[in-house]
Amino acid sequence: MFNPALVNRFRQLETPFYYYDLELLKATLKACADASFRHHFLVHYAMKANFNPRVLDTIQSFGFGADCVSGNEVLAAISHGFKKEKVVFAGVGKSDKEINLALDQDIFCFNAESVQELDVIDQLASAKNKTANIAIRINPNVDAHTHHFITTGLEENKFGINTWELPAVAEKLRQCQNLNFLGIHFHVGSQINDLSVFQNLCLKVNEMQAWFQGQGFEVKVLNVGGGLGIDYFLPDKNSIVDFESYFQVFKDFLQINPNQEVHFELGRALVAQCASLISKVLYVKNGLKKNFLILDAGMTELIRPMLYQAYHQIENLSKSGSQEVRESESLGDGKVESQAPSTINHKPSTHYDVVGPICESTDCFRTDVELPESQRGDLIAIRSAGAYGEVMASGYNLRDRVQAVYSEE
Ligand SMILES: *Cc1c(COP(=O)(O)O)cnc(C)c1O
């Protein structure tokens, strides 16, 4: 991803910054568009993964819809050219202000997450003399086999409506004059690499749509959410997700009736690999037991490692040809087994805890990273940072807002 000319360009720039490879983003979007189009599946981009304006414009230009989780995301999607008929509004805690805003914008659909929310949307729609399209987010009690911090489809989760509440939902939908039931919605978690999770989800979706049909509802939309994972261990080898296999699971296992639409909400799989966080080594601290690389980027620029123990590949761009290499293979059960990192050549290497400058001991990107011997001023790339990276940046410690740099400039 980083040729010498690019590294030279980085040397001229103030760090830290997010570097976006827009060509890789486009290639990823094309792969997803081609693979979904074949089955007439509709993909909404889950905007919360990255709402950088250049990223949004690029995604919009491929014709994707937008999956939004706040009123401001709804507005941003529409102002970036996403079609209103392709904007979905999800989220467990939509405020009245946000619901009103989405009603005013005539978006495609609300994904409702509780019985009480149905009442509220109905009342607000009625006051505006409008009808709101509704998909019911069902909690399918499917284990996503992902990190427990990012699993969302189990019964004890705050997300979605549990199956035992569905009779109350059906009753409510019959009562509410200003709601139009469109279909059912699911989202079981994030960073899912084990496709059998989606297979199990399909079986649950089939069961749930049969239940609604049995109650006399027409289910026009099956929205199966997002959550498809990426390879954080080998970002260059697997820079684009295998969308073909992913969509094929739904083609094979979902019971799709004629005239029914199947919707997806992908976030991470579309944007994660297209960005790296580029930082500089400020200080090297050699301790008795540990060595520290202190970077000019920290949890204020990329919080995933600190927030949910996420793994990111780390490379020293100033010591070319000797970046960290981690061999990994995906096992049948989706778990990633990794062997000890090794370096490509035999330059002296050291183990470092790679940390940020923030006054919190959790401000550590990774411990025990094998890297070539590094110095103050070396450029460090933290890979696969395009999803839940720049958008989670904060101003804690009154830090400067992290900048973005693009390949097309
Ligand atoms: C976050 C989210 C997504 C996208 O998840 P990814 O793991 O980034 O694909 C999709 N749908 C809903 C409802 C979400 O909350």
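All values derive from a computational prediction rather than experimental measurement. Every chain is numbered independently, its residues counted from 1 as its sequence is written. Local features in this predicted model are restricted to residues of pLDDT 70 or higher, and side-chain atom pairs are both shown and tallied only at a pLDDT of 80 or more, whereas totals for entire chains, interfaces and linings draw on every residue. Heavy atoms throughout the structure, all of them, feed into the side-chain values; hydrogens and water do not.

(A) Structural context of the domain arrangement of the protein chain. Split by domain assignment, the protein chain resolves into domain 1 (4-17 + 273-406) and domain 2 (22-272). Contact criterion: two residues are considered in contact whenever any of their non-hydrogen atoms come within 4.5 Å of each other. At the interface, 27 residues of domain 1 touch 26 residues of domain 2. For this document, the term salt bridge refers to a Lys or Arg side-chain nitrogen within 4 Å of an Asp or Glu carboxyl oxygen. Across the contact surface, domain 1 and domain 2 share 1 salt bridge. The salt bridge involving Arg383 is made with Asp236; its shortest N-O contact spans 3.0 Å. Polar contacts, as used here, are pairs of N or O atoms within 3.5 Å; protein pairs need one atom able to donate a hydrogen and one able to accept it. Residues neighboring in sequence count only if both atoms are side-chain atoms. On inspection of domain 1 and its partner domain 2, the count reaches 13 residue pairs in polar contact (both at pLDDT 80 or more). Those elements that place two or more of their residues in the side of domain 1 that touches domain 2 are helix 11 (304-308), strand 16 (336-338) and strand 21 (403-406). Ranked by residue count, the leading element in the side of domain 1 that touches domain 2 is helix 11, at 3 residues. Here the side of domain 1 that touches domain 2 is built from residues that sort into 12 nonpolar, 9 polar and 6 charged. For the domain bounds, the source is a domain assignment made automatically or taken from a database. Only DSSP runs of H or I reaching four residues or more are called helices, and only runs of E reaching two or more are called strands; each is numbered from the N terminus. In this classification, the charged set is Asp, Glu, Lys and Arg, the nonpolar set is Ala, Val, Leu, Ile, Met, Phe, Trp, Tyr, Cys and Pro, and all remaining amino acids, among them Gly, are polar.

(B) Examining the site of the ligand more closely. If even one non-hydrogen atom of a residue comes within 4 Å of a molecule or strand, that residue is called near it. By nearness alone, 14 residues border the ligand, and Lys48, Ser190, Glu265, Arg268 and Tyr388 come closest of all. Within the side chain of His187, an N or O atom sits 3.5 Å from a nitrogen atom of the ligand. Here Tyr388 contributes a side-chain N or O atom positioned 2.6 Å from an oxygen atom of the ligand. If the ligand stood free it would expose 390 Å²; the protein chains cover 94% of that surface. Looking at side-chain class alone, the shell around the ligand contains 3 nonpolar, 6 polar and 5 charged residues. For the accessible areas, the method is Shrake-Rupley and the probe is 1.4 Å, while residue cover comes only from the protein chains on display.

(C) View of helix 8 (residues 195-214). Any helix carries an expected span of 1.5 Å times its number of residues minus one. Spanning 20 residues, helix 8 covers 29 Å between terminal C-alpha atoms, matching the ideal 28 Å at 1.5 Å per step. Throughout this description, buried means an accessible area under 20% of the type-specific maximum (1.4 Å probe, protein chains only), exposed means over 50%, and partly exposed covers the range between. Looking only at helix 8, the buried set comprises Val197, Phe198, Leu201, Cys202, Val205, Asn206, Met208, Gln209 and Phe212. Against the buried residues of helix 8 lie strand 6 (132-139), helix 7 (166-175), strand 8 (179-185), strand 9 (221-223) and helix 9 (243-253).

(D) Representation of the environment of Ile382 within the structure. Note on placement: Ile382 falls in strand 20 (residues 379-382). Its relative accessible area of 0% is what places Ile382 among the buried residues. Each C-alpha atom, one on Ile382 and one on His40, is 36 Å from the other, the two residues being 342 residues apart in sequence. Filtering out sequence-adjacent residues up to four positions away, Ile382 remains in contact with Ser276, Leu277, Leu295, Leu302, His312, Gln313, Ile314 and Phe365.

(E) Quick peek at helix 3 (residues 53-61). For helix 3, the full list of buried residues reads Val55, Leu56, Thr58 and Ile59. Looking straight down helix 3, one finds its buried side chains confined to an arc of 165°; they lie on one side. Put simply, Asn52 is the residue that caps the front of helix 3, since its side-chain oxygen is 2.8 Å from the backbone nitrogen of Arg54. Among the residues trailing helix 3, Gly63 stands out with phi positive, at a value near 90°. Each direction from the helix axis to a C-beta atom contributes to the arc, which is the arc of those directions.

(F) View of the pattern of salt bridges. One pass over the structure, following the stated rule, counts 14 salt bridges. Ionic pairing is found between Arg399 and Glu301, a salt bridge with its closest N-O pair at 2.9 Å. Remark: Glu301 occurs in the loop between strand 12 (291-295) and helix 11 and Arg399 occurs in the loop between strand 20 and strand 21; sequence separation between them is 98 residues. A residue is classified by how much of its surface remains accessible, and Arg399, at 24% relative accessible area, is partly exposed. Among the residues examined, Glu301 registers a relative accessible area of 2% and is labelled buried.

(G) Local environment of unusual backbone geometry. In this model, Thr15 is joined to Pro16 through a cis peptide bond whose omega is -5°. In this fold, Pro16 is placed in the loop between helix 1 (4-12) and strand 1 (17-20). One non-glycine residue, Asn259, adopts positive backbone phi at about 70°. For Asn259, the location among the structural elements is in the loop between helix 9 and strand 10 (261-266). Not every positive phi belongs to a glycine, and Gln309 is a case in point at roughly 50°. Position of Gln309 among the secondary structure elements: in the loop between helix 11 and strand 13 (314-316).

(H) Expanded view of the pairing of strand 12. Among the 5 residues of strand 12, 4 are classified as buried, and the element is accordingly described as predominantly covered. Relative to strand 12, strand 11 (residues 275-286) is paired through 5 bridges, and the arrangement is antiparallel. Residue pairing for strand 12: Asn286 is matched across the bridge by Asn291. What makes two strands pair is DSSP finding at least two bridges between them. In sequence, strand 11 turns back onto strand 12 through a hairpin of 4 residues. Sheet analysis places strand 12 next to strand 18 (residues 349-355), joined by 3 bridges and oriented parallel.

(I) Inspection of the nonpolar core at higher detail. Here, the term nonpolar core denotes a set of buried Ala, Val, Leu, Ile, Met, Phe, Trp, Tyr and Cys residues that are joined through side-chain atoms within 4.5 Å. With 113 residues, the main nonpolar core has Ile136 and Phe250 as its most contacted residues. Mapping this core onto the domain boundaries places at least three of its residues in each of domain 1 (4-17 + 273-406) and domain 2 (22-272). With residues up to four places along the chain from it excluded, the contact list for Phe250 reads Phe41, Phe198, Leu201, Cys202, Val224, Ile256 and Phe264. Counting residues in hydrophobic clusters, the runner-up holds 11 residues, among them Phe2, Leu6, Phe17 and Leu379.

(J) Up close: the pairing of strand 10. Judged by how many residues are buried, strand 10 sits mostly within the fold: 5 of 6 residues are covered. As judged from the 4 bridges shared by strand 2 (residues 42-46) and strand 10, these two strands associate in the parallel manner. Counterpart to Val43 in the pairing with strand 10 is Phe264. Across 3 bridges, the pairing between strand 9 and strand 10 is parallel. Residue pairing in the sheet places Asn223 in a bridge with His263 of strand 10. Seen with the strands pointing away from the viewer, any crossover whose path from the first strand over the helix to the second strand runs clockwise is right-handed. Handedness of the β-α-β unit built from strand 9, helix 9 and strand 10 comes out right-handed.

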